[in-house]
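Descriptive structure summary
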Amino acid sequence: MRSFLENQFCSEKSGDLDARVRMQWADGQICFQIRGGALSFDKDATPELIIYFRDIEDARGLISGKRDPVSAFMHGNLRANGHLIWVFQTMAALSGKTAKTTT
């Protein structure tokens, strides 16, 4: 999951997000921080935001945009401990790199 998140992370989309996050699913979890447009990992960090997924496949699908977050939320497969704005900011920051255009 770490390499997946590193590949998905887009500093331009992270904006001014400054949060310690734990993503948790049925049989695992990962902790990271987004701060100053950078993504770092720390398994001992105390999270300010916890995002719960049904399983790792749902987590990857929702983060990559292959699964619908509204449907997942309505079915209880996507939850958080609060900080709803941070959930959306985190998901945006992990929604993939922006395409570079040349002029």
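Above this text you will find the structure in question.
A few points on the structure.

The rules behind the values
- The written sequence of each chain sets the order in which its residues are numbered from 1.
- With the structure being a predicted model, the display of local features is reserved for residues of pLDDT at least 70 and the display and counting of side-chain atom pairs for 80 or more, all residues being used for whole-chain, interface and lining totals.
- To get the side-chain values, all heavy atoms of the structure are used, and hydrogens and water are removed first.
- As used in this record, nonpolar core signifies buried Ala, Val, Leu, Ile, Met, Phe, Trp, Tyr and Cys residues forming a set joined through side-chain atoms within 4.5 Å.
- For the exposure calls, accessible area comes from a 1.4 Å probe over protein chains only, and a residue counts as buried if that area is under 20% of its type's maximum, exposed if over 50%, partly exposed in between.
- Think of it this way: any DSSP run of H or I at least four residues long counts as a helix, any run of E at least two long counts as a strand, and we number them from the N terminus.
- We call two residues in contact when some of their heavy atoms are within 4.5 Å.
- At least two bridges found by DSSP between two strands is the condition for calling them paired.
- All axes are obtained by fitting lines to C-alpha atoms, using only the stretch in contact for helices, and the reported angles, taken between N-to-C directions, cover 0 to 180 degrees.
- To be clear, the arc concerns the directions from the helix axis to the C-beta atoms.
- Identification of polar contacts relies on pairs of N or O atoms within 3.5 Å, with a donor-acceptor requirement for protein atoms, meaning one able to donate a hydrogen and the other able to accept it, and with residues adjacent in sequence counted only if both atoms are side-chain atoms.

The subject of this paragraph is the nonpolar core. Ranked by internal contacts, the top residues of the largest apolar core, which has 27 residues, are Met1, Leu5, Met23, Ile30, Phe32, Ile51 and Phe53. Secondary structure elements with two or more residues in this core: helix H1 (2-8), strand E1 (19-25), strand E2 (28-35), strand E3 (38-41), strand E4 (49-53), helix H3 (56-64) and helix H5 (84-93). Filtering out sequence-adjacent residues up to four positions away, leucine 5 remains in contact with Met23, Ile30, Phe32, Leu39, Phe41, Ile63 and Leu94.

What follows deals with the sheet that holds strand E5 (residues 78-80). In space, the five strands of this open sheet follow the order E3-E2-E1-E4-E5, with mixed pairing throughout. Strand pairing shows two members of the sheet lacking a second neighbour, E3 and E5, which therefore form its edges. In this sheet, adjacent strand axes meet at a mean angle of 25 degrees when their direction is disregarded. Two elements, E1 and E4, share four bridges in a ladder whose sense is parallel. The residue bridging valine 21 from the neighbouring strand is leucine 49, located in E4. The strands touched by H3 within the sheet are E1, E4 and E5, with E4 carrying the most contacts at an inclination of about 110 degrees.

Time to look at the pairing of E1. Counting buried positions over the seven residues of E1 gives five, a clear majority of the element. Note: E1 against E2, seven bridges, orientation antiparallel. Directly across from arginine 22, in E2, lies its bridge partner cysteine 31. In this antiparallel pair of consecutive strands, E1 and E2, the connection spans two residues.

Those residues of H5 lying buried are Val87, Thr90, Met91 and Ala93. Take H5 and look down its axis: the buried residues cluster within an arc of 160 degrees, on one side only. Turned more than 90 degrees away from the buried face of H5, the exposed residues are Ile85 and Phe88.

With that out of the way, let us pick up H3. In an α-helix, one turn spans 3.6 residues; hence positions three or four apart end up facing the same way. All buried positions along H3 are accounted for by Ile56, Asp58, Ala59, Gly61, Leu62 and Ile63. Elements that come into contact with the buried residues of H3 comprise H1, E1, E4, helix H4 (69-74), E5 and H5. For H3, the capping residue at the N-terminal end is aspartate 55, with a side-chain oxygen 3.2 Å from the backbone nitrogen of glutamate 57. Count one or two residues on from H3 and you reach glycine 65, which has phi positive near 85 degrees.

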